[in-house]
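Descriptive analysis of the structure
Here is how the chains run, residue by residue.
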Amino acid sequence: MLPSFKGARVLIFESRRAREMASIVTSYTGVPISAPSMREVPLESNTEAAAAARALIDGGFDFVVLLTGVGTRAWLDVADQVCGARDPFVEALRRVKVAVRGPKPLAVLRELQVPAWLTAPEPNTWRDLLTAIDAADPDAMRNARVAVQEYGMSNAELLAGLEQRGARVTRVPVYQWTLPEDLEPLRAGIRSLSEGAIDVALFTTGTQVVHLMQVAASMGMAHAARSALSRVTVASIGPTTTEELQRHGIEPQLEASHPKMGFLVREAAERVSGLDDRS
């Protein structure tokens, strides 16, 4: 028996890959309801990223931590367009130890022919990154000058973990997430959720949770949305997203076995069709 949503109404908050996700939901006989919740935009001023790029080129860092592929490319673009120093930036990356959180920033490094000192294992959380650093060299961070490329929201736990290990951390915010220009699809999704017209809610990043609750609050529907999410099947793509849901008092019924969209949708369909026997 193949997994099936059995015609369930599935609320998705994906923006950049909304069509792809809707198609996967449909392939498992779900009815996708798209409520894009975020828009990726460059920072209005990239002064911090530019300053960090110059510092890296000048030998100001011992380690660089790259958290996302998009953010890595954006920082490279800042070095190129703002500093006019793409090649020196890449050369500087080759001179330091580079730790990456997952496969996407690793892919960028491979394109640039920059070796990675380490890659965090799945599910590629900040905890996995710190554990990998400890396993590689427990004293690596002691008095080290570390640049951390951020990805929308600053990760206080990661920064604190590095500092507790003795690092001197410099945040490098390169891009940020903001609300969509057109909020009506998200508002409509919140209304449908609160009216009981949704059966499944799929979250692929913690920022979706933040924006959902922000917009729900602006509509005076935060309590209604939170209450509704306790009655539907809530599925999270991974631990970081799960943590954000829990911060808002929302307990997901499912966390994907691998932090990938395809796994998330399939396993949610398995849960709905009764094929998922995990607790």
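See the structure above.
All chains use their own residue numbering, which begins from 1 and follows the written sequence. The model is predicted, so local features are restricted to residues of pLDDT at least 70 and side-chain atom pairs to those at 80 or more, both for listing and for counting; the totals for chains, interfaces and linings are taken over all residues. Each side-chain value is worked out from all heavy atoms of the structure, with water and hydrogens disregarded.

Considerations on the overall build of the protein chain
Just so we agree on the cut-off: Each helix is a run of DSSP H or I of at least 4 residues and each strand a run of E of at least 2, with the numbering of both proceeding from the N terminus. When we talk radius of gyration, it's over C-alpha atoms, and the globule rule is simply 2.2 Å times the number of residues to the 0.38. Burial classes follow relative accessibility: with a 1.4 Å probe on protein chains only, a residue under 20% of its type's maximum area counts as buried, one over 50% as exposed, and anything between as partly exposed. Contact between two residues is taken to exist if any of their heavy atoms lie within 4.5 Å; hydrogens are not considered. The Shrake-Rupley method, run with a 1.4 Å probe, gives the accessible areas here. Residue values count only the displayed protein chains as cover. We treat Lys and Arg as the positive residues and Asp and Glu as the negative residues; His and chain ends play no part in the count. Here the site of a charge means atom NZ of a Lys, CZ of an Arg, CG of an Asp or CD of a Glu.
A count of helices and strands for the protein chain gives 12 helices and 12 strands. What you see for the protein chain is a C-alpha radius of gyration of 20 Å, in line with the 19 Å of a compact globule of 279 residues. Along the three orthogonal principal directions, the C-alpha set of the protein chain runs to about 55 × 40 × 30 Å. Here the protein chain holds 279 residues, and 50% of them are scored as buried. If you take every contact in the protein chain between residues at least 6 apart in sequence, the share linking residues at least 24 apart comes to 64%. Total accessible area on the protein chain is roughly 12700 Å²; 49% of this is exposed by carbon and sulfur atoms. Of the charged side chains in the protein chain, 30 are positive and 33 negative; the average position of the first set lies 1 Å away from that of the second.

Quick notes on the side chain of Thr204
Applied cut-off: Each polar contact in these results corresponds to two N or O atoms within 3.5 Å; when the atoms are within protein, one needs to be able to donate a hydrogen and the other to accept it, and residues that are neighboring in sequence are counted only if both atoms are side-chain atoms.
The topology assignment puts Thr204 in the loop between strand 10 (200–203) and helix 9 (206–218). Given a relative accessible area of 15%, Thr204 falls into the buried group. Engagement of the side chain of Thr204 in a polar contact is seen with the side chain of Glu14, the distance being 2.6 Å. Reaching out from Thr204, the side chain makes a polar contact with the side chain of Gln208 at a distance of 2.6 Å. Those residues within four positions of Thr204 in sequence are excluded, and the remaining contacts are Glu14, Met21, Ile237, Thr241 and Leu264.

Here we look at the sheet that holds strand 1 (residues 9–12)
As a reminder, the rule being used: Following DSSP output, two strands are said to pair if at least two bridges run between them. Angles run from 0 to 180 degrees between N-to-C directions of axes, and those axes are lines fitted to C-alpha atoms, restricted for helices to the stretch in contact.
The 5 strands are arranged 2-1-10-11-12 in an open sheet whose pairing can be described as parallel. The open sheet terminates on both sides in strands that have one partner only, identified here as strand 2 (31–34) and strand 12 (254–255). Strand direction decides the pairing type here: strand 11 (residues 233–236) and strand 12, joined by 2 bridges, are parallel. Of the residues in strand 12, the one forming a bridge with Ser236 is Glu255. Sitting on the sheet, helix 11 (residues 239–247) touches strand 10, strand 11 and strand 12, and the angle it makes with strand 11 is about 135°.

Describing the side chain of Thr72
Tracing the sequence through the fold places Thr72 in helix 3 (residues 69–81). Given the relative accessible area of 6%, Thr72 is considered buried. When sequence neighbours within four positions are dropped, the list of residues in contact with Thr72 reads Leu66, Pro105, Val108 and Gln149.

Some thoughts on the sheet that holds strand 6 (residues 118–119)
Here 5 strands make up an open sheet; going across it, the order is 6-5-4-7-8 and the pairing parallel. One side of each edge strand has no neighbouring strand; the edge strands of this open sheet are strand 6 and strand 8 (168–173). One ladder, built from 4 bridges, connects strand 4 (residues 63–66) with strand 7 (residues 145–150); its direction is parallel. In the strand pairing of strand 7, Leu66 is matched with Gln149. Along the sheet face, helix 5 (residues 103–112) touches strand 4, strand 5 (97–100) and strand 6 and points at about 140° away from the line of strand 5.

Focus: the packing of aromatic side chains
The criterion, for reference: Centres within 6.5 Å make a pair out of two Phe, Tyr or Trp rings, where for Trp the six-membered ring is used; the pair is then stacked when the planes are under 30 degrees apart, edge-to-face when over 60, and tilted otherwise.
Counted according to the given criterion, the structure contains 3 aromatic pairs. Seen in terms of ring centroids, Phe13 and Phe203 are 4.7 Å apart; in terms of plane orientation they differ by 20°. Their pairing is stacked. One end of the pair, Phe13, is in the loop between strand 1 and helix 1 (18–27); the other, Phe203, is in strand 10, with 190 residues separating them in the sequence. For the residue pair Phe13 and Phe203, the accessibility class agrees, reading buried in each case. With a centroid separation of 5.0 Å and 70° between ring planes, the pair formed by Trp75 and Phe89 is classed as edge-to-face.

A few points about the pattern of salt bridges
Put simply, the rule reads: Any carboxyl oxygen of Asp or Glu within 4 Å of a side-chain nitrogen of Lys or Arg constitutes a salt bridge here.
What the rule picks out here adds up to 14 salt bridges. A salt bridge links Arg39 to Glu181; its shortest N-O distance comes to 3.8 Å. Taken together, the residues Arg39 in strand 3 (residues 39–42) and Glu181 in the loop between strand 9 (175–178) and helix 8 (184–194) connect sequence positions 142 residues apart. On the accessibility criterion, Arg39 (30% relative accessible area) is partly exposed. Where salt bridges share partners, they join Glu157, Glu244 and Arg247 into one cluster.

These results come straight from atomic positions and should not be treated as a statement about function.
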